Structures are given as C-alpha cells and as structure tokens.
Amino acid sequence: MSSAISFNQVSKTFPPNVHALQSINLEVAEGEFLVVVGPSGCGKSTLLRLVAGLENQTHGSIDIFGKDSGQLAPQERDLGMVFQNYALFPHLSVFDNMAYGLQVRRESAPEIRKKVERIAQKLEILEFLRRKPNQLSGGQRQRVALGRLLARDPKIHLFDEPLGNLDPQFRAGMRSELARLHQERPRTTIYVTHDQAEAMTLGQRICVLRKGEVLQVGTPEEIYDLPSHRFVAEFFGSPGVNCIDGKIDKKEGSPSKFRSGSIQFPLPNHDMPTGSITLGIRPENWTLSAPENGAITGVIERVENLGDHRLIGVLIDDLNIFIKTTRSDFKEKDTVSISPQWEQAHWFERYTGKRI
Ligand code: ATP
C-alpha cells in the first residue's frame, strides 16, 4: 500500500521551549486506521493539528498523498476532523450541520439530501435532523459530528478523542460503529486517544507516543506481545505488565537468579546477561497456588471480582504484583505462592527501559 501521510523528522516546539514533538518519522498507509495513543501532554493533538494545517511544524516535513504539506493550504488537504467537543455550528440544525461541507462544494440540493439522510440513517439520527445541537444528548451530538465528516467523506479522517465525553457503554457501541464504517469505506484515518483499550480495539496499527517521541509503531498484537519499551508494556493491558527492577546474579554451578530486594527468582534460562535489569510479567502470566516450600510466597492484599476473572493484588515484601486468575478460591489475607510463566517474560534494560 502506498503512503497517504508521511512524517519525516517532524518536530514541533512551542515557545519558549515546549518540545511537543521530537523527530517524528511515521507513515500512514492509504486506507489505514492508525491510532495514536499516549498519556496527556505527549503531543497527540499537536500531531493531528499539523496534518490538518492548524499548526506548522518547527522542523521536518509532512507529505500528504505525495505532496509536501507546506505547499498545501488546509482546505486543499481534503481532510475532516472530529473533536471531543463536537465543534458543531450551534445555530444550524443537525441537517445543516451535516450538509455544510457539501453545500460549500456546491453539490445539488437533492444530492445533498440523499447523502445526509443515508448517513443519518446509518448513525440512527434521522429523527433529529431538524433539531439544533443544544437539543441533543452528548452521544447524539457526537454522532452528528461524525455524520458531518462521513457526509463530506474526505480522503483523510482525523479524530481527536472523539468518544471522550461518552459514557462507557455508549463508547463501546460507537467504537464498533467506527470500526464497521471503516471496514465498509477504508479511508486513511488517524485516531487520537489516551485510552489503551480503544487503541487495541480500533487500530489496525498503533503508534505509542511518550513525551513527544514515538516509542513503538505496530499492530495491536505486536504492541501487546512484544512491547519495545517498558513504558509500552506498562501502558497496555488492564492492568499493564508488572515490571520489577532487579539484578541477575550468576554463580558457578548454581542456576542464575533474578533478585529484587530480598526476593529471588531462580531462572530457567542460563543465557541471561548479568547485571541490572527489569523483569516484566503480565498479570495473566503468573501461576498462583497454595503456599509451597521453596516457592516465592506473598500475601493477598486485594481481590477484585470482575465477573469472568479475578484481579488479585499480592504483596511480596514491598513488591506489589497484580495477577489475573479465573480461580475463585483465593481470599484477602491468604498466603499464596506465585511463579512467573517464564516463557512469557519480557526483559528491559533497567536504565533506558528498552526491550532486550
Ligand atoms: P491531551 O491528551 O491532554 O489532550 P496531547 O497528547 O494531545 O494531550 P498536546 O495537546 O499535543 O498533547 O500537547 C503537547 C505539549 O505541547 C503539551 O506539553 C502542551 O502543554 C504543549 N502545547 C500544546 N499547545 C500549545 C500551545 N499552543 N502553546 C504552548 N504549548 C502548547
């Protein structure tokens, strides 16, 4: 697939010296749904605003369908944006909000009516076409904002936390609606969110940003199974990977050990480098059992019943580990043994956080 949007060494600095984006290299393929995810302030909105032409980068270039965006005025970029706060015209009816882009393009009135009604039907807002935005609920307004974009159907769709204001149930519904619409009409899409679950479920690929830098770009499977950085490991999953700082010790004639404070895990793998390291194990990759001699034991601090599984917080000395289990026979204050499923272990450099 050819590149629709290409970031080449893009940096954005706001005065006096806020480095919102630093040397971003990123390709978005034509028709791809790319989710950009990261914590508050990492530069997600800035990245979108650069594509939209609402800001200019300080360094580097952005190509849109092979043209340098510096040569393209915002209205020449054939893109549409949906924000968290809807940004609907308050004085226009839902119909006119959705028709606006088509009227600007001077499409005929019957054509406009046909398009708006078809999209409104899909989004189940047909009955609201005469209302003004302030006569709608948040979820309905969100659908109007989406409908406005879909009616105009630009080549590039930009979403900035569009489901941020919705309640969790409605969010899930809109998420599958967006995924379905994209499957039907695969437009090049950049979708910004700080919600890892939204990123995992919507993105064909995910770009993880932290402090203005790209940490990893990959499919949801790659991001979950092979996090390139400790931050990515801790960010994805609910909760994320348990990361334990420690050291690997090797002694002649005895198995290598991973040591964190007073806790020692014997390692099955003898090829591990010695020295400072961070061990990462997902909550679903621990085995919990009744206390056994020689095993690592801890005390259950908290049990959360999440219906189909339980999330168990185990305290081992001063180390807190979260473990997911489908077993229901563990209680708070029980002493238990835990062991990592070593084949699922992630190892990171202790000081840089990079995957080893
Ligand atoms: P959030 O999830 O909270 O919306 P974000 O990841 O979208 O955050 P941005 O809005 O892109 O982050 O902001 C990135 C950084 O740039 C932040 O530190 C922010 O304070 C700063 N910033 C954004 N816009 C401006 C501006 N116009 N002037 C100065 N600093 C700005």
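Criteria and cut-off values
- Residues numbered from 1 in each chain as written.
- Predicted model: local features only at pLDDT ≥ 70, side-chain atom pairs only at ≥ 80, totals over all residues.
- Heavy atoms only, no water.
- Helix = DSSP H or I, 4+ residues; strand = E, 2+ residues; numbered from the N terminus.
- Buried < 20%, exposed > 50% of the residue type's maximum accessible area, 1.4 Å probe, protein only.
- Contact = heavy atoms within 4.5 Å.
- Areas by Shrake-Rupley, 256 points an atom, 1.4 Å probe, with all protein chains shown as cover.
- Lys, Arg positive; Asp, Glu negative; His and termini not counted.
- Charge placed at Lys NZ, Arg CZ, Asp CG, Glu CD.
- 1 Å grid on protein atoms, 1.4 Å probe; cavity = no way out; pocket = protein on both sides within 12 Å on 5 of 7 lines; lining within 4 Å.
- Points joined across faces, edges and corners; volume = space filled by probe spheres on them.
- Nonpolar A, V, L, I, M, F, W, Y, C, P; charged D, E, K, R; others polar.
- Axes fitted to C-alpha atoms, helices over the stretch in contact; angles between N-to-C directions.
- Parallel < 35°, antiparallel > 145°, perpendicular 65-115°, else oblique.
- Near = heavy atom within 4 Å.
- Polar contact = N/O pair within 3.5 Å; in protein donor to acceptor, adjacent residues only side chain to side chain.

A count of helical and extended segments in the chain gives 8 helices and 20 strands. Referenced to the eigenvectors of the C-alpha coordinate spread, the extents of the chain come out at roughly 80 × 45 × 40 Å. Here the chain, with 356 residues, has 48% of them falling under the buried criterion. Across the chain, every contact between residues at least 6 apart in sequence was considered, and the portion connecting residues at least 24 apart equals 65%. If you sum the accessible surface of the chain, you get close to 17600 Å²; carbon and sulfur atoms cover 47% of it. Of the charged side chains in the chain, 44 are positive and 43 negative, and the gap between their average positions amounts to 5 Å.

Right, let's get into empty space enclosed by the protein. Gaps left between atoms are located by rolling a probe of water-molecule size over the structure's atoms. A full pass over the atoms with the stated rule returns 2 cavities of 30 Å³ or more. Its volume calculated, the largest cavity comes out at about 110 Å³. Counting only elements with at least two residues in the lining of the largest cavity, the list comes to α4 (138-152), β7 (156-160) and α5 (168-184). Residue contributions to the lining of the largest cavity peak at 3 residues, all from α5. Its residues assigned to classes, the lining of the largest cavity shows 6 nonpolar, 3 polar and 3 charged.

What follows concerns the packing of α4 against α5. Viewed as axis vectors pointing N to C, α4 and α5 meet at an angle of 10°, and their least axial separation amounts to 12 Å. Relative to α5, the element α4 lies roughly parallel. Listed contacts from α5 to Gly139, Gln142, Arg143, Leu146 and Leu150 of α4 are Phe170, Met174, Leu178 and Leu181. By residue class, the composition of the contact of α4 with α5 is 6 nonpolar, 2 polar and 1 charged.

With that out of the way, let us pick up the site of the ligand. Near the ligand, the surroundings consist of Phe14, Val18, Ala20, Pro39, Ser40, Gly41, Cys42, Gly43, Lys44, Ser45, Thr46 and Glu161. At a separation of 2.6 Å, an oxygen atom of the ligand approaches a polar side-chain atom of Ser40. Contact between the ligand and Gly41: an oxygen atom at 2.8 Å from a main-chain N or O atom of the residue. Looking at the shell around the ligand, the elements that each hand over two or more residues are β2 (18-29) and α1 (44-52). Here the shell around the ligand takes 3 residues from α1, the largest share from any one element.

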